Amino acid sequence: MTRVLSDYAPEAATTWNAGAVHPEPEVATDDATPPTADEATALLTRVATGDQRAFSDLYDLIAPRMLGLVRHVLKDHAQSEEVVQEVLLEVWQTASRFDPNKGKAVTWMLTMAHRRAIDRVRSAQASRDRDTKIGIRDLGRDVDTVSETVEISIEHKRVEKAMARLSDLQRQAVELAYYGGYTQSEVAEMLNIPLGTVKTRLRDGLIRLRTELGVAS
Amino acid sequence: MSSLSNEQLETAAAYALGALDADEAAEFELVLALSPELQREVESLREATGMLGAATAPVAPSPGLKQSVMAQLAATPQLPREDAGAQLAAHAAPVDPAQLAPAHTLAGAEPATEIPAPIPMSGLAADKARMRWFARPATIVAAAAAAVVLFFAGAFAADLVRPSSVNQQVLAQVVAAPDATVASSEVAGGATASLVSSESLGLSVMVFDGLATLSDDEAYALWYITGDQISPAGLFTVDADGQTVQVLEGEFVAGTIVGVTVEPASGSPQPTSDPIVAIVTESA
């Protein structure tokens, strides 16, 4: 694939999830301002009414982030694009379900993408080396990743810092589960520890992460 | 701070991280659908896992991907906002009636030989038996169709629409029916039972949470009680977590009472013990 640099616009992006990433300048909208988190919600609301133009903008906002996450789990680029395509169509179909009172639009879409990615990786485990590169420190810095905006980079550091506040064992369990796509039972087996211990580590680790990231509980 | 059990909190965390396998996730989603408090917990945990997701470096999709997705929009129907029932219906896999094995088989217990036909009851025995069903007052909350959909749809409808078992597929269909009704009741011992039913489909499904496990020689029995007739509606057992979804055998008619008793594992033609719960449905 062609590597495309982002047209990073620092003055326009005000929040971490501003999504100031335009991997395909040639298909970017006329709107020079990258969508903010609130715009993601606004776009999704318009998409729910069948607005294809809003969907086009939403694609620009979310597709590179979805692909980043899905490929981190799946590794294989072609399969990851297939999954992202499925998720995007699911977003189109189910946009009316999104409830802004129950979370951020970006979270809603990335949750769908993560779910599909782990479904795929579990259905095709043999085709993938599941033991490599699952940690936060290994988050894709591959040659064809889009250049990050300062905001995304800051956000990455923030998550990395929050992850550093977990105990090593908690972090390992959370990373294996979320980025590795392993079930809690598989994690227990891999680490040769009781399932109950894995559950406790996941729970305590995620609570700590939630606190460190300042997400309201 | 919370009335959620430690186990529920742990399961919520594993769920938010995607660390449950398909069966575990399906079971949890049913509990989730019934607990607004648990839903709030999962939503909050998901904001944290969402940030894990957002922390990965963005990757540029192939130039053709956008075109491909955009080209499919016109042919991809969107789910309407108002009619949540139709949303579920649009996703629910069609259920092949032939797949509907007897409940006791689905539950993993020994198959019983034959389901006896309803036996009309009369006289003293009937009165005595009927009295059992009302001896234990139950809190019953019946809701209209719209509320049923809210009850199950919420933010988690997308999870319910990928059911992993036949029982759950039927549940999704019943929930999606325009005349779906739900009634919930406490079960002795702190468990909850919810009956989701649809007269137009002639189906009802019991969703239990916290039901005690039984000894190997016992099973839970479901009964449809209409007037003087008590008809067996299937046997089932529960796993250690006490959560289960059970489609009732036979045709559901509005106004029927649904009862649950503990019976020998081989089943009984008529109830032999007091009901642990009885749910009265409203007449059509």
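Preceding block: the structure.
Note that the coordinates shown come from a computational prediction; the quantities given were computed from them, not determined experimentally.

### Things to note about the interface of chain A and chain B
Between chain A and chain B, the residue contacts involve 80 residues of the former and 59 residues of the latter. Across the chain A/chain B interface, buried area totals approximately 6,300 Å², and carbon plus sulfur atoms make up 59% of it. Salt-bridge contacts for Arg115(A) lead to Glu29(B); the nearest nitrogen and oxygen are separated by 3.7 Å. In this assembly, chain A and chain B are joined by 28 residue pairs in polar contact (both at pLDDT 80 or more). Broken down by secondary-structure element, the contributors of at least two residues to the side of chain A that touches chain B are helix H1 (37-47), helix H2 (52-74), helix H3 (77-94), helix H4 (105-123), helix H5 (150-164), helix H6 (168-178), helix H7 (184-191) and helix H8 (195-212) of chain A. Of the residues forming the side of chain A that touches chain B, the biggest block, 13 residues, is contributed by H2(A). Here the side of chain A that touches chain B is built from residues that sort into 37 nonpolar, 24 polar and 19 charged.

### Digging into the packing of helix H1 (residues 6-16) of chain B against helix H3 (residues 36-54) of chain B
All names here are of chain B. In contact at an axis separation of 9 Å, H1 and H3 are set at 40° when each is read in the N-to-C sense. Taken together, the axes of H1 and H3 lie oblique to each other. Relative to H3, H1 is oriented so that their crossing is right-handed. When H1 is examined against H3, the residues Gln8, Leu9, Ala12, Ala13, Tyr15 and Ala16 are found in contact with a partner set consisting of Leu38, Glu41, Val42, Leu45, Arg46 and Thr49. Per-class residue counts for the contact of H1 with H3 are 8 nonpolar, 2 polar and 2 charged.

### So, helix H2 (residues 22-33) of chain B
With 12 residues, H2(B) should reach 16 Å at 1.5 Å per residue; the first-to-last C-alpha distance of 16 Å fits that figure. Two to three positions downstream of the cap, the backbone nitrogen of Asp23(B) sits 3.1 Å from a side-chain oxygen, assigning the N-cap of H2(B) to Asp21(B).

### Section: the side chain of Ser35(B)
Residue and element names in this part refer to chain B. For Ser35, the position within the fold is in the loop between H2 and H3. Here Ser35 falls in the buried class, since its relative accessible area comes to 14%. Within the local environment of Ser35, its side chain forms a polar contact with the backbone nitrogen of Leu38, the two atoms lying 3.0 Å apart.

### A closer look at the pattern of salt bridges
All names here are of chain A. According to the stated counting rule, one finds 12 salt bridges over all chains in the structure shown. Arg120 serves as the salt-bridge partner of Glu86, at 3.2 Å between the closest nitrogen and oxygen. Separated by 34 residues along the polypeptide, Glu86 in helix H3 and Arg120 in helix H4 bring together distant segments of the chain. Residue Arg120 is classed as buried on the basis of its relative accessible area, which comes to 17%. We note a salt bridge from Arg116 to Glu90, for which the minimum N-O separation is 2.9 Å. With Arg116 in helix H4 and Glu90 in helix H3, this residue pair connects regions lying 26 residues apart in the sequence. By relative accessible area, which is 26% here, Arg116 ends up partly exposed. By relative accessible area, which is 14% here, Glu90 ends up buried. In this structure, a network of salt bridges that share partners links the residues Glu82, Glu86, Glu90, Arg116 and Arg120.

### Some remarks on unusual backbone geometry
Residues and elements named next belong to chain A. Its identity as a non-glycine residue notwithstanding, Lys75 has a phi of 75°, on the positive side. Tracing the backbone shows Lys75 in the loop between H2 and H3. Residue class for Lys75 comes out partly exposed when judged on its relative accessible area of 32%. Not every positive phi belongs to a glycine, and Asn192 is a case in point at roughly 55°. Along the chain, Asn192 falls in the loop between H7 and H8. Exposure remark for Asn192: the relative accessible area of 70% places this residue in the exposed category.

Analysis parameters
All residue numbers refer to position in the chain's written sequence, counted from 1. The lettering of chains begins at A and the numbering of ligands begins at 1, in the order of writing. Side-chain atom pairs in this predicted model are given and counted only at pLDDT of 80 or more, local residue features only at pLDDT of at least 70, and totals for whole chains, interfaces and linings cover all residues. In computing side-chain properties, one takes all heavy atoms of the structure into account and sets aside hydrogens as well as water. In what follows, residue pairs with any heavy atoms lying within 4.5 Å of each other are defined as contacts. For any pair of parts, buried area is found by adding up, for both, the accessible area (1.4 Å probe) each one loses once the two are put together. The term salt bridge refers to a pairing of a side-chain nitrogen on Lys or Arg with a carboxyl oxygen on Asp or Glu at a separation within 4 Å. Definition of a polar contact: a pair of N or O atoms within 3.5 Å, with one able to donate and the other able to accept a hydrogen when the atoms are protein atoms, and with sequence-neighbouring residues admitted only if both atoms are side-chain atoms. By definition, any uninterrupted DSSP run of H or I lasting at least four residues is a helix, any uninterrupted run of E lasting at least two residues is a strand, and each is numbered from the N terminus. Residues are grouped as follows: Ala, Val, Leu, Ile, Met, Phe, Trp, Tyr, Cys and Pro are nonpolar; Asp, Glu, Lys and Arg are charged; every other residue, Gly included, is polar. Inter-axis angles, ranging from 0 to 180 degrees, are taken between N-to-C directions of lines fitted to C-alpha atoms, where helices are fitted over the stretch in contact. Any angle from 65 to 115 degrees is called roughly perpendicular, while one under 35 is roughly parallel, one over 145 is roughly antiparallel, and all others are oblique. Left-handed describes a crossing whose near helix is turned anticlockwise from the far helix by less than a right angle; the clockwise case is right-handed. Between the first and last residue of a helix there are one fewer steps than residues, each counted as 1.5 Å, and that sum is the expected span. Per-residue accessibility, obtained with a 1.4 Å probe over protein chains only, is compared with the maximum for each type, and a residue is labelled buried under 20%, exposed over 50%, and partly exposed between these values.

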